[in-house]
Amino acid sequence: NAGVTQTPKFQVLKTGQSMTLQCAQDMNHNSMYWYRQDPGMGLRLIYYSASEGTTDKGEVPNGYNVSRLNKREFSLRLESAAPSQTSVYFCASSAGPKDTQYFGPGTRLTVL
Amino acid sequence: QKEVEQDPGPLSVPEGAIVSLNCTYSNSAFQYFMWYRQYSRKGPELLMYTYSSGNKEDGRFTAQVDKSSKYISLFIRDSQPSDSATYLCASSGGSEKLVFGKGTKLTVNP
């Protein structure tokens, strides 16, 4: 049982490049989330998906897009990466809004 | 003011000490309170989950919520070096939007 998996684990981009972070869960969860974690700022919600086919903005959505491809997969896209997007990105999933969120191992992204 | 405030520490204690970690929150609608533990270069994992006010105990860990003062606490008894991690408090009103504190880095010295 893999839980929440994220790819890639590490990525270095140049300013202006685009990339997609992939997330998949095998727990049949309805809700999925993308967070970023920065020193001194804690975990901040970027986007979430309460169910397949729906997505909503979190606290810091600017510069990102998301796709809930199916119930298992939730991707995060940076269309034109900026140095301010250098961070560790975590995907999480939960059965519902009041349930425990399970986190993936994270993607460390550096934008030069 | 961030909705959930947490002293980032760092906190360093000797093995066997009782550790007290604390957060405050400002949103009266928050009813769900969690503590996550995050080891270095890993994802957060749920440690304790509490609904509304009161205490919850699990082994060496006790979570306490005082809604009247909007205060969340985590106590660790007989702390071990393996407890060295960053502890994150989090709260929500029941929606998907879980608000995290900044985390407190704890080191337990053998």
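Residues numbered from 1 in each chain as written. Chains lettered and ligands numbered in written order. Predicted model: local features only at pLDDT ≥ 70, side-chain atom pairs only at ≥ 80, totals over all residues. Heavy atoms only, no water.

Peer 1: Hey, could you run me through the overall build of chain B in this one?
Peer 2: Of regular secondary structure, chain B possesses zero helices and 11 strands. For chain B, the N- to C-terminal ordering of α and β elements is β-β-β-β-β-β-β-β-β-β-β. In terms of C-alpha radius of gyration, chain B reaches 13 Å, essentially the compact-globule figure of 13 Å for 110 residues. Projected onto its principal axes, the C-alpha coordinates of chain B cover approximately 40 × 25 × 20 Å. The proportion of buried residues among the 110 residues of chain B is 45%. Taking the contacts inside chain B whose residues are at least 6 apart along the sequence as the reference set, 53% of them involve residues at least 24 apart. Within the structure as shown, chain B displays about 5,100 Å² of accessible surface, and the carbon and sulfur contribution to it stands at 48%. When the 12 basic and 11 acidic side-chain charges of chain B are each reduced to a single mean position, those positions are 6 Å apart. (Helix = DSSP H or I, 4+ residues; strand = E, 2+ residues; numbered from the N terminus. Rg over C-alpha atoms; globule rule 2.2 N^0.38 Å. Buried < 20%, exposed > 50% of the residue type's maximum accessible area, 1.4 Å probe, protein only. Contact = heavy atoms within 4.5 Å. Areas by Shrake-Rupley, 256 points an atom, 1.4 Å probe, with all protein chains shown as cover. Lys, Arg positive; Asp, Glu negative; His and termini not counted. Charge placed at Lys NZ, Arg CZ, Asp CG, Glu CD.)

Peer 1: What should I look at first to understand the sheet that holds strand β8 (residues 71-76) of chain B in this one?
Peer 2: What holds strands together in a sheet is hydrogen bonding between their backbones, with the strands either parallel or antiparallel. Residue and element names in this part refer to chain B. On the basis of which strands lie adjacent, the open sheet formed by five strands has the order β1-β3-β8-β7-β6 and antiparallel pairing. The two strands at the open ends of the sheet, each matched to only one other strand, are β1 (4-6) and β6 (54-58). Here the average twist between neighbouring strands, direction ignored, is 15 degrees. Relative to β8, strand β7 (residues 61-66) runs antiparallel, the two sharing six bridges. Across the sheet, A63 pairs through a bridge with L74, a residue of β8. (Pairing = 2+ DSSP bridges. Axes fitted to C-alpha atoms, helices over the stretch in contact; angles between N-to-C directions.)

Peer 1: What should I look at first to understand the side chain of B:S73 in this one?
Peer 2: Residue and element names in this part refer to chain B. By secondary structure assignment, the location of S73 is in strand β8. Overall, S73 belongs to the buried group, its relative accessible area being 3%. At 3.1 Å, the side chain of S73 and the side chain of N22 are in polar contact. Contacts of S73, omitting those with residues within four sequence positions, involve L21, N22, W35, T62, A63 and Q64. (Polar contact = N/O pair within 3.5 Å; in protein donor to acceptor, adjacent residues only side chain to side chain.)

Peer 1: Quick question: what am I supposed to make of the nonpolar core here?
Peer 2: Nonpolar side chains in soluble globular proteins generally cluster together in the buried interior. Among the nonpolar cores identified, the biggest contains 24 residues, and B:W35, B:L74 and B:Y87 are the most heavily contacted of them. With four residues, strand β3 (residues 19-25) of chain B is the single largest residue contributor to this core. Residue contacts for B:L74: discarding those within four places in its chain leaves B:V19, B:S20, B:L21, B:W35, B:L47, B:M48, B:F61, B:T62, B:A63 and B:Y87. One finds A:L13, A:Y47, A:V60 and A:V111 within the second-largest nonpolar core, a separate group that totals 20 residues. (Core = buried A, V, L, I, M, F, W, Y, C linked by side-chain atoms within 4.5 Å.)

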